[in-house]
Amino acid sequence: MRQCWLFTVVGCVVGSQADAQVVGPSRATVADTTCSYSACALRIAPSWDGLGVVRGSTGQRVANLHFFWPMDVTDALRGPDASVAGADSAAGHARRALHLRRVGAGFTDAGALAIGVAILRAIGAGHVSKRDQVIAGVGLGAFAISVPLQFGADGELSKAVWWHNLRFARPPATPAVTLGGAAVTAPPPSPSLTGTWDVEYTLDSASTNAPAPTVRRVRGRLMFVTEGTAARGRFSVDFAPMFGAPLARDTAAGSVDTTTATEVFGALSGTDSVQVELIPSVAHGGLSMWGRIEGDSVSGAWAQRAYRCAARGHFRMARIDRTPLVVAPSPRD
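Residues numbered from 1 in each chain as written. Predicted model: local features only at pLDDT ≥ 70, side-chain atom pairs only at ≥ 80, totals over all residues. Heavy atoms only, no water.

Observations concerning helix α5 (residues 130-165)
Argument step 1. Here α5 spans 53 Å end to end across 36 residues, near enough to the 52 Å set by a 1.5 Å rise per residue.
Argument step 2. The sharpest bend along α5 measures roughly 25° and falls at Ser 146, with the proline Pro 148 sitting one to four residues further on. (Helix = DSSP H or I, 4+ residues; strand = E, 2+ residues; numbered from the N terminus. Expected span 1.5 Å × (residues − 1). Bend = angle between axes of the 7 residues up to and from the residue.)

Okay, structure coming up:
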């Protein structure tokens, strides 16, 4: 029993260190600065056996989503660094493209086989029988079913390429204004959390003390109003499918504007660092987020607070409205 407990603790420590290496704040990058867009951006190049994915102006092929025997292209679309902007979305669309292509390829292959059998039977018999017509009809039907699936896979692959190339995006140039005939560069706006944000949480490491997750990605909203150097507000995210229970299950459930169960606190430091706490009034079971803010986007890592072997992952936020949240007072205010 003592050895089992020891192995559990060691496994938690090793797992936590590995997770820290993967999702720590130092990896919350916004763009890939190691390669230029012209050299490393991906594009789609049609070929006779599928849609090829090629890199840069040289057209080096890095993957191919085959029509007849699809192979996994997820790694190529995710790229070597899974922490850069758009990597997880690129991988998600690549997986959906592969799934649709495999289903479509099944119908395509079955249709080709049925039509081939019908032709060979007709050649062998010297005439087209009723059965040959039925077999050919089944083949044509399979082809018809495969067409929207194949086009759907093409669309998902196109989205995956778009998300992959997002890592090469650069912030817009700082606008210049003219004062007394001299061009003066206007300072960039100060970072702020004020407004409403779409947020997506991706699970990298599940908690060993909770039920197995039914999903590895959930989405919701964070809403802030700035108060001095900090921001407070509310969140609306259903973590139950990921954690097996609501976040900080020991807090009282209730209205989004009157309970501690939906409170969120945010703070900015330096020029681009951000720290966000979900349910900051509880030490056990809330969620901490840290990352980097650039304009209307934030990316970084998250972890449950105070749980041994707690769940960890990474997140992306996009601001959709700059209107400050009007926070109703909680019962204790």
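Here's the deal with the pairing of strand β9 (residues 263-269)
Argument step 1. Pairing analysis gives 5 bridges linking strand β8 (residues 230-237) to β9, with the strands arranged antiparallel. Opposite Arg 234, over in β9, you have Glu 263 as the bridge partner.
Argument step 2. In this structure, β9 lies alongside strand β10 (residues 273-278), joined through 6 bridges in antiparallel fashion. In the sheet register, Val 264 faces β10, and the bridge partner there is Leu 278.
Argument step 3. The turn linking β9 back onto β10 is made up of 3 residues, and Gly 270 within it adopts a positive phi angle of 65°. (Pairing = 2+ DSSP bridges.)

So, the environment of Gly 195
Argument step 1. Inspection of the secondary structure puts Gly 195 in strand β6 (residues 195-205).
Argument step 2. Separated by 130 residues in the primary sequence, Gly 195 and Leu 325 have C-alpha atoms spaced 6.3 Å apart.
Argument step 3. When neighbours within four sequence positions are excluded, Gly 195 is seen to be in contact with Leu 222, Met 223, Phe 224, Asp 321, Arg 322, Thr 323 and Pro 324. (Contact = heavy atoms within 4.5 Å.)

In short, the description is geometric, and any link to function would need to be established separately.
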